[in-house]
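Geometric and topological summary
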Amino acid sequence: MEQLIINPAQYELLNVLSCINKEEDVAELKSVIVKFLNTRLQKELDRLWEDGTLNEQKVTSWSDEHMRTPYK
């Protein structure tokens, strides 16, 4: 059986989550985490845009790609 390894950040989140009992608190925490991840993603996209890795031509080319998962 494969053993699950939890990193320090995941461990800290689990400790915090052990104190949450209400559904509305879970929803609020989820919202905060989504905003946090969105901010991190936006910063990375800005960095890629500024260093030229990402540009309008590259983004436009994605509309023609078919990135479907092949099923066997």
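Residues numbered from 1 in each chain as written. Predicted model: local features only at pLDDT ≥ 70, side-chain atom pairs only at ≥ 80, totals over all residues. Heavy atoms only, no water.

A few words now on the overall build of the protein chain. Looking only at helices and strands, the protein chain features 3 helices and 0 strands. For the protein chain, the α and β elements follow one another from N to C terminus as α-α-α. Radius of gyration (C-alpha) of the protein chain: 19 Å, far over the 11 Å computed for a compact globule of 72 residues. The principal-axis extents of the C-alpha atoms in the protein chain amount to approximately 45 × 35 × 25 Å. (Helix = DSSP H or I, 4+ residues; strand = E, 2+ residues; numbered from the N terminus. Rg over C-alpha atoms; globule rule 2.2 N^0.38 Å.)

Moving on, we come to the confidence of the model for the protein chain. Residues with a pLDDT of 70 or more make up 99% of the protein chain, whose mean pLDDT is 90. By mean pLDDT, helix 3 (residues 56–62) is the weakest element of the protein chain at 89, and helix 2 (residues 23–50) is the strongest at 95. (pLDDT = per-residue confidence, 0-100.)

Take the pattern of salt bridges next. Counted under the stated rule, the structure contains 2 salt bridges. A salt bridge links Glu44 to Arg47; the nearest nitrogen and oxygen atoms lie 2.5 Å apart. Taken as a pair, Glu44 and Arg47 lie in helix 2 at a separation of 3 residues, close to a single helical turn. By relative accessible area, which is 34% here, Glu44 ends up partly exposed. Take Arg47: its relative accessible area is 41%, and that puts it in the partly exposed class. Salt bridges sharing common partners tie together Glu44, Arg47 and Asp51. (Salt bridge = Lys/Arg side-chain N within 4 Å of Asp/Glu carboxyl O. Buried < 20%, exposed > 50% of the residue type's maximum accessible area, 1.4 Å probe, protein only.)

Taken together, the side chains of Leu4, Ile6, Tyr11, Leu13, Leu14, Leu17, Ile33, Phe36 and Leu37 define a hydrophobic patch exposed on the protein surface, amounting to about 890 Å² of accessible area. Within the residue set of the nonpolar patch, elements represented by two or more residues are helix 1 (8–17) and helix 2. One can find Leu4 in the segment before helix 1. By relative accessible area, Leu4 is classed as exposed at 72%. (Patch = residues over 30% accessible without salt bridge, like charges linked within 9 Å, V, L, I, M, F, W, Y side chains within 5 Å. Areas by Shrake-Rupley, 256 points an atom, 1.4 Å probe, with all protein chains shown as cover.)

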